[in-house]
Amino acid sequence: MSAALALLTRDVKLAWREGGAVGVALGFYLVVVVITPLGLGPDLNLLARIAPGILWVGLLLAALLSAGRIFDNDYEDGTLDVLATGPLPLSVVAGIKCLAHWLATGIPLVLIAPLLGLLLNLPMGSIPSLMLAMLAGTPAVSFLAGIGASLTLGLRRSGLLLALLVVPLYVPVLIFGVSAVTPYVTGPNAIWPPLFILCALSLVSIVLAPLAAAAAIRNALR
Amino acid sequence: MISLANPTRFLGLVSVVLPWLSALVVILLGTGLYLSFFVAPPDYQQGETVRIMFIHVPAAWLAMFGYTLIAIAALGTLIWRHPLADVAAKTAAPIGATFAFIALVTGSLWGKPMWGTYWVWDARLTSMLVLFLLYLGLIALWQAVEEPGRAGRAAAILALVGAINIPIIKFSVDWWNTLHQPASVFRAGGPTIDPALLTPLFVMAAGFTALFVLLHLIAMRAEILRRRVRALQQTEVARAAMAEA
């Protein structure tokens, strides 16, 4: 337990203190949100309608951009070899690293989203549901990104490949994430079904992604 | 399956089967195309465009069949380390991707006269497009990793992750938007398609399946030979290096 906790704090600290980890992801998110109105025109009604979609797409892209860091540095300097032979099962190590990505990158992205929503004229009333949906869905984002990161370990130009591998897996998260904010069936309780599905997607990813990532890491270390 | 683990035996079997299978493909596709274009009546609503179905539907089935095959082969790679499983999965991916592409293109051409547009973000179209993207990801992963053994295991992991995800993706896009007609061949209470259209469809489906198997066997043979050449080259290089030293 203490080894797991130590690994988690180490990874979160590294992500925060290392230059160009969390900050770059947030900056990238900002840039994506800023260029969208420039491409679509400044019509505030249109922006308000598509704001949830843009915020989700930007979040997914920013998470993907930072996903390579989940395992890459530790793979390059040999830490991953040590962890693989250490007391923790490799799947637990992989899960903790994905969790660290969620804590260090996923949560800041969720926290900055309402602020970026202001730029897109996102109605104030939908901010709570946006935050809830993102909090429920981003664990799935981080853990699925972990699968992609472990599969592309040590490859050249792995960033683009990682996006190609992981984006299809993000389709359900994106669909239910957006529909929790703009319910197709309007009503006071319409947010709950997509929200529960997001939770389910996250839970499934938390259980299965570490297993897949551990198998992929073992394959890369061999 | 186990006796086929010997690639030489597998190659022998392939060379026996190939001529018969080729003949079967020619007969089935020839009959199927004749039935589709000359025998099947035009639909009372869709007119002649219904004939696109005879290409479109089998291609879509085969695209899904290809992914299923890859997922089963992935189990073979990871669990039993069957030496041919990786070869089977790797060579099935481009074929499956091609069938997915054919299904998308014919669907798009069919959509123009029927729905008035080449592309709609309908659930089935979207899930077929996502399947196509999964195929592209698999192919890209195989090409990005240089060592074949490592590439095979990485792709097998990805294929299994994709296989778990496909039902979820399918369910989510179904929930998202549905315009495509519901399943009309394999459904409780029998097919909703007239037998006059159903017979050519099944002949074409059988022909496409045989074509898939034929292309797959040829591709597997090529891949096995390619790996042998690679192994020979490596021993050659090693020998040259030894001689120099």
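Above: the structure in question.
Analysis parameters
Residues numbered from 1 in each chain as written. Chains lettered and ligands numbered in written order. Predicted model: local features only at pLDDT ≥ 70, side-chain atom pairs only at ≥ 80, totals over all residues. Helix = DSSP H or I, 4+ residues; strand = E, 2+ residues; numbered from the N terminus. Rg over C-alpha atoms; globule rule 2.2 N^0.38 Å. Buried ≥ 20, exposed ≤ 12 C-beta atoms within 10 Å, placed from the backbone. Contact = placed C-beta atoms within 7 Å. Expected span 1.5 Å × (residues − 1). Arc of directions from axis to C-beta. Axes fitted to C-alpha atoms, helices over the stretch in contact; angles between N-to-C directions. Parallel < 35°, antiparallel > 145°, perpendicular 65-115°, else oblique. Nonpolar A, V, L, I, M, F, W, Y, C, P; charged D, E, K, R; others polar. Left-handed = near helix turned anticlockwise from the far one by under 90°.

Draft legend 1. Highlighting the overall build of chain A. The helix and strand inventory of chain A stands at 10 helices and 0 strands. Across chain A, helices and strands are ordered from the amino to the carboxyl terminus as α-α-α-α-α-α-α-α-α-α. At 18 Å, chain A has a C-alpha radius of gyration in line with the 17 Å of a compact globule built from 222 residues. Over its C-alpha atoms, taken along the principal directions, chain A stretches across nearly 55 × 35 × 30 Å. Taking all 222 residues of chain A together, the buried fraction comes to 48%. For chain A, the share of sequence-separated contacts (at least 6 apart) that also reach a separation of at least 24 residues comes to 83%.

Draft legend 2. Layout of helix α1 (residues 2–17) of chain A. Residue and element names in this part refer to chain A. Between the first and last C-alpha of α1 there are 22 Å, a value that for 16 residues agrees with the 22 Å anticipated at 1.5 Å per step. Among the residues making up α1, those that are buried are L7, D11 and A15. Down the axis, α1 shows its buried residues gathered within 60 degrees of arc, on one side only. Of the exposed residues in α1, the ones pointing more than 90 degrees away from its buried face are S2, L5, A6, T9, K13 and R17.

Draft legend 3. Structural detail: the environment of B:P94. Mapped onto the elements of the fold, B:P94 is located in helix α3 (residues 83–115). Separated by 41 residues in the primary sequence, B:P94 and B:Y135 have C-alpha atoms spaced 7.5 Å apart.

Draft legend 4. Examining the packing of helix α10 (residues 192–221) of chain A against helix α5 (residues 148–176) of chain B more closely. Axis separation between α10(A) and α5(B) bottoms out at 9 Å; the angle between their running directions is 170 degrees. As far as their axial angle goes, α5(B) and α10(A) are roughly antiparallel. Contacts from A:L208, A:A212, A:A215, A:A216 and A:N219 in α10(A) reach B:R150, B:R153, B:A154, B:I157, B:V161 and B:I164 in α5(B). For the contact of α10(A) with α5(B), a count of residues per class yields 8 nonpolar, 1 polar and 2 charged.

Draft legend 5. The arrangement of the interface of chain B and chain A in detail. Facing the 22 residues of chain B at the interface are 18 residues of chain A. Among the elements that line the side of chain B that touches chain A, the one with the most residues is α5(B), at 13 residues. Partitioning the side of chain B that touches chain A into residue classes produces 17 nonpolar, 3 polar and 2 charged.

Draft legend 6. View of unusual backbone geometry. Even without being a glycine, A:N121 presents a positive backbone phi close to 60 degrees. Structurally, the position occupied by A:N121 is in the loop between α6 (90–119) and α7 (127–151). For B:R81, which is not a glycine, the phi torsion comes out positive at approximately 50 degrees. Structurally, B:R81 can be placed in the loop between α2 (53–80) and α3.

Draft legend 7. Examining the packing of helix α2 (residues 22–40) of chain A against α6(A) more closely. All names here are of chain A. With their axes 10 Å apart at the nearest point, α2 and α6 run at an angle of 30 degrees to one another. On the basis of the axis angle, α2 is roughly parallel to α6. Regarding α2 and α6, the two cross each other, and that crossing is right-handed. Note on element contacts: α6 touches α2 through A104, T105, P108, L109, I112, L116 and L119, opposite V22, A25, L26, Y29, L30, V33 and V34.

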